[in-house]
Amino acid sequence: MSTTEEKKLPNSGPRPEHELEDLKRVWATPKGIRLVTAVNNTVIGTLYIGVAFLFFVLAGVLALVMRMQLAVGDNTLVSQDLYNQLFTVHGTTMMFLFAVPAVEALGVMLLPQMLAARDLPFPRLSAFAIWAYVIGGLVFFSTIFYDLAPKGGWFMYPPNTLTEFSPGDNADFWLLGIGFIEISAIAGAIEIVVGVLRTRPPGMTLAKMPIFAWAMLIFAAMIIFAFPAVILATMLLEIERAFGWPFFSAELGGDSLLWQHLFWFFGHPEVYIIFLPAAGLVSMIVPTMAQTPLVGYRLIVVALIATGFFSFGLWVHHMFTTGIPGLSLAFFSAASMAVAIPSGIQVFSWIATIAAGRKRFRITVPSLFVLGFLFIFTLGGLTGVMVAIVPFDFQAHDSYFIVAHFHYVLIGGMVFPLFATFYYWAPMVSKKMLSERLGKWAFWLMFIGFNVTFFPMHITGLAGMPRRVWTYPSNLGWDVLNMISTAGAFVIAAGVLVFIIDLIRNFRFGEGGAENPWGAGTLEFLPNDVYSTRSIPHVTSREPLWDNPDLPREVEAGLHYLPNAPTGGRETIVTSAVEAKPQYVLQMPGAGWTPFLAAAFTAGGFLLLTIKEVGLGIASGTLAILLCLLWTWQLDKPSQGEVDIGGGYKLPTYMTGPNSHSWWAMVVLMLVASALYISYFFSYLYLWTVSPDVWAPNGSPAPPSLVFPVGSAAMFAGGSALMAWLGKRLPEPNVRTPGVPAGLVIAALLLGGGVALEILGHMQTGLDPTASSYGAMVYMAPILTGQAAFAAIVMCLFAGARHLRGGMDKQRRVTFDNAALLYYYTAAQGVFGLVLIHGFPRLIG
Amino acid sequence: MVGTFVFILAGPILWAIQLTAIYGSQSALCAAGIGTSSGGGNALVLWSVVIASLIPAGVATWAILAPAASYRLLAGERGDAAQWGFLRGVMRLLTGLSILAMAYAALGAVFLPECASLR
Ligand code: HEM
Ligand SMILES: [Cu+2]
């Protein structure tokens, strides 16, 4: 390249020697036992994906046991009770411990590389989420060995899962265990949203973002809106099991269908939560294999967004047979048809890309798995459209046809792309590539085995075999089909085994793997080290490596942005969300014990509560909170002045307000909280529509006097005003006044007081939460607000303490701003709850 | 910034509003038994579905026809041309799909008794 062109690069070379050494030192991965303190996305991402794969294997072994039991009729290999545990743990593990974590792990692992960021914006949060998942997941899975596993199926319908029909702790392991894992998934989602929107390289506008980043953005947004619904559901069910609040018991005004609504409002999007990232991966692999830019980039973005949205409008199609009015079914059947269109668009785009590059298209292991995916997923989509038709579903519901359908979608739509991913991206984290020869064996065994296992199940189902039966009489003509399925399952297992052998022989974690072995066009195939890329490229197209073959050399020579570590710590560039203009340099935390320990104690707290060790559980939870505080105490590093990242950009190293990444994270967190509250709002109205005549039931006490809600609202409003006032009057740096913490303590007291007053009001009327679903719902509102208030109070006190230690003032105010944001949100939610509970249906109903 | 995302997502947001409105009003009216005839028909539901579909569909059509005006309304100043072409294209396609989905959903109300169970 000529020197005139070189001038246009953000930085000039050669760079001083020490820069590279600084980067290496700052980003070094801890060694030995301290490896658990690591927060680097490649390290924890690999752990994450490794553990997810372990769960795939474990749940797969359970599937083999089930298939052995079903191979012939009247079999007695496992008991009925154990079979119930087997399919519940298999389904739950596959969905919650394998599929979602696996794609989230790919996000953590691949996104920073694809966006040429040094790391995601909250590395310790990802570490926390991952460790929580590893510990919680392993404990949950091990219940199958102690006869403690839940038996209610992966969707745990009440009334079957109420204490009356499911005594013992088994169901509680599901409720608390999975509820906890979901919190970890949400933490990861917050990370991904902020990461994709704010840590893209300069110049990578929305229109130039890799499709995988789009897919992960939508994936994370879906988690944020979908998971709270099931978190609320598990809370309600656990409260009913533990304290007898009758949310789901019909005789006291509850309704077990409420669970189905909440569960499927999460459960259907869940399917796309699993599928969209996989589709995103395919959209990255196909262009490389065809050496052709993706045909219809814009259409694929549209398809991803449309799927994400529409998938929230079809949850009722899982409830077609529950006696809901026909027109309601039609609404959701319509959405189920609409959602098929975008999936079709994507399939055509991939085929068109392959066709456009057919002369160059290479049959490698990743492309085989992609082709297998296209074949299997399309078949699964077709049976999906069949069961979305209400009359057909009446026939196929709860039969093996459904089992066949969803394994086609899940294994075709997610497992095959995942294996393609393993082969395609292994060189990013491994010194050696995986073997093409073994990979082809793995593919053909899995592909043939899959179809042999699951294709016959369509017929078994149409022949009338229900799902979730531990055995069947031998004279119904189901034996041969089942035997074929069982044989196929072992062929799949052989394929997975070959892959594991390949891993053992060839996967070696570390840097220095082949560089861009597939000739890809995207940034993750730039030269990489622990610090990600040496300098952060200026991006001008969707396939920067194809359009500028010199890019790897330029980046490696440090000629692009931020070729060094100017603040002496870990850092990355934060850009604007739409146009990707550089805004500031984010100082990131490094390795530390707190995420791991906090995760261990959080998991401990949940598990101890599950086995009813309340005292120990609370102690463990408290420790976890203390550790989190210790961890956040080390964040929010002070400004290091401006730094020069090259290209004429002198960026600040501290940011507050709507431009800062922590503000964004808080806003996303508030979206999570409001999704939870909206689910509650829906449940409240839903129970009313189920039995408007007994809501509240005759003989319930009159509502409390208006003094209570008005007083409570006044406290919320007063506290918010106080926070706003304080925010304007934070002292200059180095000035410490006791007024700040005092104000924060008063605000905290007002918030807590507002919640307490509302609860008190209802208690004083004698309303009993165990007597009717109405009473239970009324108390639930302040409990939910109380949860948010608890977090806001802790944050207020934290900000006050930091001020006293000189860590919070007019300029360094992020801890205060975060507390204030959550405070306003909580107060608003509290007031909304007051209006709802006191206004409807008692006042106007 | 938020405005830009609302602009892109205008269609799906309108679709969500439509679904909430039609499903909500239908469930509430049928559950409360307001206006239901003996055969399970309910003209009130029919009309609320029609109105709750036409308004968002109308707004969506306007967004497709006048993207520049709707962008100004939601997000203010436009960025560079390439970016705008992308945003507008994505918005139009998404909104088109959403109108289709709204039509699918509303059609049910024309053919089916509003409050009856199918079996
Ligand atoms: C790898 C080969 C697999 C085999 C041989 C297999 C086999 C089975 C079998 C035999 C059942 C029980 C059917 C019944 O009794 O009703 C089942 C249920 C299920 N499987 Fe799989 N499965 C496999 C992979 C997967 C994967 C990858 C996922 C998800 C990503 C998955 C998700 C489920 C779910 C959600 C259920 C329903 C559990 C329930 O009824 O509550 N499976 N599978
Ligand atoms: Cu579904």
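Nothing here was measured: the structure is a model prediction, and the numbers come from that model. What you see as residue numbers is a count from 1 along each chain, following the sequence as written. Written order decides the labels, with chains lettered from A and ligands numbered from 1. For this predicted model, a pLDDT threshold of at least 70 governs which residues receive local features, and a threshold of 80 or more governs which side-chain atom pairs are given and counted, while totals over whole chains, interfaces and linings are taken from all residues. The basis for the side-chain values is all heavy atoms of the structure; hydrogens and waters are excluded.

A. Structural context of the overall build of chain B. Put simply, DSSP H or I for four residues or longer makes a helix, DSSP E for two residues or longer makes a strand, and each gets a number counted from the N terminus. Helix and strand content of chain B: five helices and zero strands. Its helices and strands taken in sequence order, chain B reads α-α-α-α-α from the N to the C terminus. The C-alpha radius of gyration computed for chain B amounts to 18 Å, which surpasses the reference 14 Å derived for 119 residues by more than 25%, pointing to a less compact arrangement than a globule. Once the C-alpha set of chain B is aligned to its principal axes, its extents read approximately 60 × 20 × 20 Å. The rule is simple: take the accessible area with a 1.4 Å probe, protein chains only, and divide by the maximum for that residue type; under 20% is buried, over 50% is exposed, in between is partly exposed. A burial count over chain B gives 45% of its 119 residues as buried. Any two residues having at least one pair of non-hydrogen atoms within 4.5 Å are treated as being in contact. Of the contacts formed within chain B by residues at least 6 apart in sequence, a portion of 71% connects residues at least 24 apart. Summed over its atoms, the accessible surface of chain B is roughly 5500 Å², and 72% of this surface lies on carbon and sulfur atoms. C-alpha atoms define the radius of gyration, and 2.2 Å times the number of residues to the power 0.38 defines the globule rule. Here the open area of atoms and residues is found with the Shrake-Rupley method and a 1.4 Å probe, where only the protein chains shown may cover a residue.

B. Geometry of the interface of chain B and chain A. With 42 residues of chain B in contact, the opposing surface of chain A contributes 40 residues. Counted as salt bridges are all cases of a side-chain nitrogen of Lys or Arg within 4 Å of a carboxyl oxygen of Asp or Glu. Summed over the shared surface of chain B and chain A, the number is zero salt bridges. Counting of polar contacts relies on pairs of N or O atoms within 3.5 Å, with two restrictions inside protein: one atom must be capable of donating a hydrogen and the other of accepting it, and residues adjacent in sequence are counted only when both atoms are side-chain atoms. Taken together, the connections running from chain B to chain A amount to four residue pairs in polar contact (both at pLDDT 80 or more). The set of elements that each furnish at least two residues to the side of chain B that touches chain A consists of helix H1 (2–8), helix H2 (10–32), helix H3 (43–65) and helix H5 (81–111) of chain B. For the side of chain B that touches chain A, the leading source of residues is H5(B), giving 16 residues.

C. Representation of the coordination of the copper ion (ligand 2) in the model. Residue and element names in this part refer to chain A. Only nitrogen, oxygen and sulfur atoms qualify as donors, provided they sit within 2.8 Å of the metal or within 3.2 Å for Na, K and Ca; with water excluded from the atoms, sites may seem incomplete. Around the copper ion (ligand 2), the donor atoms from the protein are His268 (ND1), His317 (NE2) and His318 (NE2), and they sit 1.6 to 2.0 Å away. Here the donor residues of the copper ion (ligand 2) share one chain and are spaced in sequence as H-x48-H-H. Of this pair, His268 sits in helix H8 (residues 256–290) while His317 sits in the loop between helix H9 (297–310) and helix H10 (326–356), and the two are 49 residues apart along the sequence. Residue class for His268 comes out buried when judged on its relative accessible area of 7%. On the basis of relative accessible area, His317 is assigned to the buried category, the value being 15%.

D. Main features of the coordination of the iron atom of ligand 1. Residue and element names in this part refer to chain A. In this structure, His90 (NE2) and His407 (NE2) serve as the protein donors to the iron atom of ligand 1, at separations of 2.0 to 2.1 Å. Viewed at the metal, the six donor atoms of the iron atom of ligand 1 are separated by angles of 88 to 180°, and the geometry they form is octahedral. Residue His90 is found in helix H4 (residues 80–114), and its partner His407 is found in helix H13 (residues 400–429); the two are separated by 317 residues along the sequence. We classify His407 as buried; its relative accessible area is 14%. All geometry calls rest on donor angles, where a four-donor set with angles between 85 and 135 degrees is tetrahedral, four- and six-donor sets with opposite donors more than 155 degrees apart and all others between 65 and 115 are square planar and octahedral, and all else is irregular.

E. Structural view of the site of ligand 1. Residue and element names in this part refer to chain A. In the vicinity of ligand 1 there are 21 residues, among which Tyr83, His90, Trp154, His407 and Arg468 approach most closely. Measuring from a nitrogen atom of ligand 1, one finds a side-chain N or O atom of His90 at 2.8 Å. Broken down by secondary-structure element, the contributors of at least two residues to the shell around ligand 1 are helix H3 (41–70), H4 and H13. A cutoff of 4 Å decides nearness: a residue is near a molecule or strand if any of its heavy atoms lies inside that distance of it.

F. Seen up close, the confidence of the model for chain B. For every residue, the predictor assigns a confidence score, pLDDT, that lies between 0 and 100. For chain B, the mean per-residue pLDDT works out to 89, and 98% of the residues sit at or above 70. The ipTM value of the predicted complex is 0.94, and its pTM value is 0.94.

G. Structural detail: the domain arrangement of chain A. Residue and element names in this part refer to chain A. Splitting chain A by domain gives domain 1 (32–506), domain 2 (566–586 + 641–655), domain 3 (590–633) and domain 4 (663–843). Of note, the centres of domain 1 and domain 4, computed from C-alpha atoms alone, are 36 Å apart. Taken together, the contact pairs 29 residues of domain 1 with 29 residues of domain 4. Together domain 1 and domain 4 conceal approximately 2400 Å² of surface at their shared face, both sides included; 81% is due to carbon and sulfur atoms. Counting the contacts that link domain 1 with domain 4 gives zero salt bridges. Each domain's extent is set by a domain assignment, obtained either automatically or from a database. Computed with a 1.4 Å rolling probe, the buried area is the accessible surface lost when two parts are put together, summed over both parts.

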